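One-letter residues, chain by chain:
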Amino acid sequence: MSPSAASASATQEPGETLPAAAFETLLPKLLAVVEITQRSEGTSSVQNKQDLLQAIQTFRESLAHAREIAQALPGGELLVEEQDEVIAMLERLRAKKRQQLREFAERAIDTQGHVGAPYVGAGAQSSARMEVDSNASTPT
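Residues numbered from 1 in each chain as written. Predicted model: local features only at pLDDT ≥ 70, side-chain atom pairs only at ≥ 80, totals over all residues. Heavy atoms only, no water.

K.L.:
Outline the nonpolar core, supporting the account with residue identities and numerical values.
P.N.:
Leu26, Val33, Ile36, Leu52, Ala55, Phe59 and Ala66 form the largest nonpolar core, which has 7 residues in total. Secondary-structure elements contributing two or more residues to this core are helix 3 (26-37) and helix 4 (46-71). No other element matches helix 4, which puts 4 residues into this core. Once residues lying within four places of it in the same chain are set aside, the contact partners of Leu26 are Phe59, Ser62, Leu63 and Ala66. (Core = buried A, V, L, I, M, F, W, Y, C linked by side-chain atoms within 4.5 Å. Buried < 20%, exposed > 50% of the residue type's maximum accessible area, 1.4 Å probe, protein only. Helix = DSSP H or I, 4+ residues; strand = E, 2+ residues; numbered from the N terminus. Contact = heavy atoms within 4.5 Å.)

K.L.:
I'd like a description of a negative patch on the surface, backed by residues and values.
P.N.:
A surface patch of like charges, here negative, comprises Glu77, Glu81, Glu82, Asp84 and Glu85. Along the chain, Glu81 falls in helix 5 (residues 80-106). Assessed through its relative accessible area of 52%, Glu81 is described here as exposed. (Patch = residues over 30% accessible without salt bridge, like charges linked within 9 Å, V, L, I, M, F, W, Y side chains within 5 Å. Areas by Shrake-Rupley, 256 points an atom, 1.4 Å probe, with all protein chains shown as cover. Salt bridge = Lys/Arg side-chain N within 4 Å of Asp/Glu carboxyl O. Lys, Arg positive; Asp, Glu negative; His and termini not counted. Charge placed at Lys NZ, Arg CZ, Asp CG, Glu CD.)

K.L.:
Lay out the packing of helix 3 against helix 4 in plain terms, naming residues and giving numbers.
P.N.:
Running from N to C, helix 3 and helix 4 point in directions that differ by 160°, and their axes come no closer than 9 Å. With respect to their mutual orientation, helix 3 and helix 4 come out roughly antiparallel. You can see that helix 3 and helix 4 cross each other, and the crossing is left-handed. Every residue of helix 4 that contacts helix 3 at Leu26, Lys29, Leu30, Val33, Ile36 and Thr37 is listed here: Asn48, Asp51, Leu52, Ala55, Ile56, Thr58, Phe59, Ser62, Leu63 and Ala66. (Axes fitted to C-alpha atoms, helices over the stretch in contact; angles between N-to-C directions. Parallel < 35°, antiparallel > 145°, perpendicular 65-115°, else oblique. Left-handed = near helix turned anticlockwise from the far one by under 90°.)

K.L.:
Outline the side chain of Ser62, listing residues and values.
P.N.:
Here Ser62 shows up in helix 4. Taking the relative accessible area as the measure of exposure, Ser62 reaches 10% and is therefore buried. Excluding its chain neighbours within four sequence positions, the residues that come into contact with Ser62 are Leu26 and Lys29.

Written out as structure tokens, the structure is:
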């Protein structure tokens, strides 16, 4: 993979998930390098040297790609302590939003769509409407 292709794919739009495949391939590629060095003939043969060189190059490219992805993550420039502060602030915000949702869910919604008033039932509502109607029709 060329460096420009790696950096183009390392740039992520907000909301995209982390491409785990870029990290999952690192260990098998490193294992390939180790296996080549552990062959019985070692690195003395030309073929083993070429295989080792190719395996190392593939591993380095994958590692560079994974590093670019990790560095492009939002908040990656923050220290661990700063990340902990941001996480704590977001947890407080989540708790506040959940409390607001609970309070909103507890509010009664009457049949006219008015929010907040306790539910009084159909009989009381019709008499309240009649009172308003009689007041509206009274001549002044």
